[in-house]
Amino acid sequence: MRAVYTLLLRLSKLELAIARSTGRRPSSIAQLSADVDRWERAIWEIDIKRAPL
């Protein structure tokens, strides 16, 4: 599942960079930024669960 989240994160970051450079609506940029945060958090949670204590 981490691989899927990593792919989604990379695609969201790319789309966010394009949106910021082309001057898209602020609401679209905010949603993309929230998506990036969500994928980063999901990857972090997977890594935390895998980490040995």
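Structure shown above.
Below, the structure is looked at part by part.

### Things to note about the overall build of the protein chain
Step number 1: From N to C terminus, the protein chain includes two helices and zero strands.
Step number 2: Out of the 53 residues belonging to the protein chain, those deemed buried represent 26%.
Step number 3: Long-range pairs, those at least 24 residues apart, make up 56% of the contacts in the protein chain with a sequence separation of at least 6.
Step number 4: Within the protein chain, one finds 10 positive and 6 negative side-chain charges whose respective centroids are separated by 2 Å.

### What to know about the nonpolar core
Step number 1: Among the nonpolar cores identified, the biggest contains eight residues, and these are Leu9, Leu16, Ala19, Ile29, Leu32, Val36, Trp39 and Ile43.
Step number 2: Put simply, the parts of the chain that give this core at least two residues each are α1 (2-22) and α2 (26-50).
Step number 3: Among the elements that take part in this core, α2 stands out by supplying five residues, more than any other.
Step number 4: Contact partners of Leu9, with chain neighbours within four places excluded, come to Val36, Trp39, Glu40 and Ile43.

Cut-offs used in this document
- Residues numbered from 1 in each chain as written.
- Predicted model: local features only at pLDDT ≥ 70, side-chain atom pairs only at ≥ 80, totals over all residues.
- Heavy atoms only, no water.
- Helix = DSSP H or I, 4+ residues; strand = E, 2+ residues; numbered from the N terminus.
- Buried < 20%, exposed > 50% of the residue type's maximum accessible area, 1.4 Å probe, protein only.
- Contact = heavy atoms within 4.5 Å.
- Lys, Arg positive; Asp, Glu negative; His and termini not counted.
- Charge placed at Lys NZ, Arg CZ, Asp CG, Glu CD.
- Core = buried A, V, L, I, M, F, W, Y, C linked by side-chain atoms within 4.5 Å.

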